[in-house]
Amino acid sequence: MSGGMLKQGIAPGRLDAGQYARNFSDLHPALDKHEAHVEADRCYFCFDAPCMNACPTSIDIPMFIREISTDNPLGAAETIFEQNILGGMCARVCPTEQLCEDACVRMEAEGKPVKIGLLQRYATDIAMAEDAQFFTRAPETGKTVAVVGAGPAGLAAAHRLAMHGHSVVVYDARPKAGGLNEYGIASYKTPNGFAQAEVDYITSIGGIEIILGQELGRDLTLDRLVETHDAVFLGVGLGGVNALRAEGEDDGADGLHDAVDFIAELRQSTDLSGLPVGRRVVVIGGGMTAIDAAVQSKLLGAEDVTICYRRGQEHMNASSFEQDLAASKGVSIRHWLQPKRVLSVNGKVAGIELEYTELRDGRLVGMGHLLTLPADQVFKAIGQTLEDETAAGLTLSGGRIETDAEGRTSRAGVWAGGDCVAAGDDLTVTAVAQGRDAAESINRYLSGN
Amino acid sequence: MADIRNNFVGIKSPNPFWLASAPPTDKAYNVERAFRAGWGGVVWKTLGEEGPPVVNVNGPRYGAIWGADRRLLGFNNIELITDRDLQKNLQEIKQVKKNWPDRAVVVSIMVPCEEDAWKAILPLVEETEADGIELNFGCPHGMSERGMGAAVGQVPEYVEMVVRWCKQYSRMPVITKLTPNVTDVRRPARAAKNGGTDAVSLINTINSITGVDLDNFAPMPTIDGKGTHGGYCGPAAKPIALHMVAEIARDSETYGLPISGIGGITTWRDAAEFMALGAGNVQVCTAAMVYGFKIVEEMISGLSNWMDEKGHRTLDDITGRAVRNVTDWQYLNLKYLTKARIDQEKCSSCGRCHIACEDTSHQAIMKEKDGKRHFEVMDDECVGCNLCVNVCPVEDCITMIALEPGMLDERTRKVVGPTYANWTTHPNNPMRKSVEPAE
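Residues numbered from 1 in each chain as written. Chains lettered and ligands numbered in written order. Predicted model: local features only at pLDDT ≥ 70, side-chain atom pairs only at ≥ 80, totals over all residues. Heavy atoms only, no water.

## As for the overall build of chain A
Step number 1: Per the secondary structure count, chain A includes 17 helices and 19 strands.
Step number 2: The C-alpha atoms of chain A give 23 Å as radius of gyration, which agrees with the globular expectation for 449 residues (22 Å, within 12%).
Step number 3: The principal-axis extents of the C-alpha atoms in chain A amount to approximately 65 × 55 × 50 Å.
Step number 4: Buried residues in chain A amount to 54% of all 449 residues.
Step number 5: The long-range share in chain A, meaning contacts at least 24 apart out of those at least 6 apart in sequence, stands at 70%. (Helix = DSSP H or I, 4+ residues; strand = E, 2+ residues; numbered from the N terminus. Rg over C-alpha atoms; globule rule 2.2 N^0.38 Å. Buried < 20%, exposed > 50% of the residue type's maximum accessible area, 1.4 Å probe, protein only. Contact = heavy atoms within 4.5 Å.)

## Concerning empty space enclosed by the protein
In this approach a probe as big as a water molecule rolls over the atoms, and the regions it shows empty are the leftover space.
All names here are of chain B.
Step number 1: Taken as a whole, this structure holds 8 cavities of 30 Å³ or more when the rule is applied.
Step number 2: A volume near 440 Å³ is recorded for the largest cavity.
Step number 3: Surrounding the largest cavity, 35 residues form its lining, Ser-21, Ala-22, Asn-77, Asn-204 and Thr-205 being those nearest its centre.
Step number 4: For the lining of the largest cavity, the elements supplying multiple residues, two or more each, are strand S4 (41-47), strand S6 (72-77), strand S8 (132-136), strand S14 (230-233), strand S16 (279-284) and helix H9 (286-291). (1 Å grid on protein atoms, 1.4 Å probe; cavity = no way out; pocket = protein on both sides within 12 Å on 5 of 7 lines; lining within 4 Å. Points joined across faces, edges and corners; volume = space filled by probe spheres on them.)

## Observations concerning the interface of chain A and chain B
Step number 1: The interface is formed by 12 residues belonging to chain A together with 15 residues belonging to chain B.
Step number 2: Across the chain A to chain B interface the summed buried area is about 1000 Å²; carbon plus sulfur atoms make up 62%.
Step number 3: The tally of links between chain A and chain B comes to 1 salt bridge.
Step number 4: In this structure, Asp48(A) engages Arg373(B) in a salt bridge whose closest nitrogen and oxygen atoms are separated by 3.9 Å.
Step number 5: Our count for the chain A to chain B interface comes out at 5 residue pairs in polar contact (both at pLDDT 80 or more).
Step number 6: Contributing elements (two or more residues each) for the side of chain A that touches chain B: helix H2 (33-40) and helix H8 (105-110) of chain A.
Step number 7: Each residue belonging to the side of chain A that touches chain B can be placed in one class, and the counts come to 8 nonpolar, 1 polar and 3 charged. (Buried area = accessible area lost by both parts, 1.4 Å probe. Salt bridge = Lys/Arg side-chain N within 4 Å of Asp/Glu carboxyl O. Polar contact = N/O pair within 3.5 Å; in protein donor to acceptor, adjacent residues only side chain to side chain. Nonpolar A, V, L, I, M, F, W, Y, C, P; charged D, E, K, R; others polar.)

## Quick look at the sheet that holds strand S9 (residues 280-284) of chain A
All names here are of chain A.
Step number 1: Strand order across the open sheet formed by 5 strands is S7-S15-S9-S10-S11, with parallel pairing between neighbours. Since the sheet does not close on itself, it has two edges, and those belong to strand S7 (256-258) and strand S11 (332-334), each with one partner. Pairs of neighbouring strands in the sheet enclose a mean axial angle of 20°, with direction left out of account.
Step number 2: Relative to strand S15 (residues 377-380), S9 runs parallel, the two sharing 4 bridges. Residue pairing in the sheet places Ile-284 in a bridge with Lys-380 of S15. (Pairing = 2+ DSSP bridges. Axes fitted to C-alpha atoms, helices over the stretch in contact; angles between N-to-C directions.)

## Looking at unusual backbone geometry
Step number 1: Note the cis peptide between Leu202(B) and Ile203(B), where omega equals 10°.
Step number 2: The residue Ile203(B) is located in the loop between strand S10 (199-202) and strand S11 (206-208) in this model.
Step number 3: Met220(B) connects to Pro221(B) through a cis peptide bond whose omega is -5°.
Step number 4: Even without glycine at this site, Phe45(A) takes up a positive phi of about 55°.
Step number 5: Position of Phe45(A) among the secondary structure elements: in the loop between H2 and helix H3 (50-54).
Step number 6: Phi is positive for Phe217(B), close to 55°, though the residue is something other than glycine.
Step number 7: Among the residues examined, Phe217(B) registers a relative accessible area of 68% and is labelled exposed.

This is the structure we're talking about:
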């Protein structure tokens, strides 16, 4: 074991240099050609395939797998990209075990679905490595569309709008495009700068200008965007973070962080050995962000990482695959515990006091019994919220922007999609579908149909 | 315990599994290994006449087609008969037979279609004390261009003539190996019988091109940009071979003529099927070339266990048992009605049965019921064609159920009768033998 593991408090350099590279390499190694062909042969080419119906972007999965099996990976990639221009990222981050692979008839028959995600990655990797482009722009329409947010929803919308001949300006608050693909997903799911490569691949269709460092509510206003563009698409995501509602949360003790900030910092780090992490880490939450923060803490060399979730295992938003992944990396997941008090000593987090919970008449209540976990670092991963200024004047529903089936907001000329809308489910693939479909709606609107 | 000892035209072997004349039997080294592995016999790779050795290509000799996971389904070759010295082969044959007296050693021969050529080689082979000879009238490539192999097998008169010479100049049992590259395999079989052959073996390989290299537009296997047809074999050839074996087994002129079955035999089950259609034993090549000699263990064990399970004591109990059930289409019972049944417990809802039936057959399988994905046969449309059974990826999920007499056929709205009736008496048949009352 590396001596760095024993450093007290929050410290960088817990691991040997080689260990960082090993820990943060590709979670699922790509299939080689033979593996892909063997796996493709397992597909039954189902009629009205359940996998396709389970895909939020409705990729023709049996068709692209058949194309792989006939050694036509570019045909396969085109089939994928027609429906989902972010098919490469979705192949890496989709919870396929809850979507296409759960619906695969071989899952029902034998518990071993066709590895659709890995096959999709096989085809899209080949196409992107060759920079094979399948789409060309329609003649310029002279219309401009503002897209706010260069995440999955915004990029999908921008690509489809550009394809229809519109000029697209994408604004993003961050210094890089990609949204959560660049800042919010665990590093080992998308290593080697894939998110940026995908942005470049998508924008190479032309007609898309990306302007970075422009935040809605700070540098831009919706009114101004509506005035200066023919249509606006909002794919702003969720900028706020929910509070723990625990005592001591606002004391400013060192070591209490938002998990999303930690993940973003890790993704942007060029030297992981310089990134500090606690010896004992507690993550509060039950979703993918909690898992990503906990697993990466562990991979950075934290000795003891515990996820505390206030409800039961069956209520966790994180997929069972993600939970198993965390367990396999040595993260312990504890249920029925809600944060009560952040403990600190000399301005540094020292632990967290939690209360056991139970469901009583369908309501979650504290049981009065307390538990204290020592911790140098506590991550909050209890969900994100829409920042008020980003949706100024739009009708909200459940704290997110309300849209109709085509992605239209309450304001004429403004569409929205992705995590910021009420219809979202916090999945990359859903954001892509909403961005794409909103772009089609915008196109119909702009061409007067 | 089943007795699987084999006696084929007087040639005895401990089991009915012989290696066919091919690369695996080209020299003592391989044949010794095969016998150690348990093979009952070999047909030594074809000997040619004395003289300068045969020359083979030095590029690819084999081509193949594959199924899932590169499982080899079909195989082809353009290799010629042995390219080793005749005397060397004869010495090795003699030694191997001496070392393995309980195994069958048969020698394949191919010499020009001239009496003197056959007259010259037969005593040399006889001197090895091999158990018999097999006449290679099947090799479809290379040698056939020189008037041998399939070039002989395709002319019944030549077959009869050469067999006659062999019976005249040798005391050894003669097995005549037939080519499938003919329109009616019964003709050369009848000719061989007329010539006095002790048995026929079939099939030899089928004329084939396994594929085309699309980068340089050349047939495969490709030798310096060109290709030629090779002999096709392996599992994909088995149905063709089974048919030809059955045709000879049930032909009135060749009925009872011993047959050594060849063609894609890969497992004990394949062997049992050939034997059921009239083969007295079987010869294997491709399976050994793909998996090695060890497969014979599975064949021996599988055949014995199946025979024990079914109560068959000797190979005679199974040989030819299916022959009487091979008939002409015109004698099939047109009153036999089946309907497909989908076992909903086993159905994985892939829907392949539906789309196959919907797009290409009789629109007899529904795709939903009560608004849910559900695949079920509609008896009023089902003609019992079996397509759904064949395309279903789940074994035994779809089965064909015969309608019992008295039951209603929903499709024709007629009650199933207990009678047998075939095309020969069908009212729609202008050539019918007698007129039956209309149905």
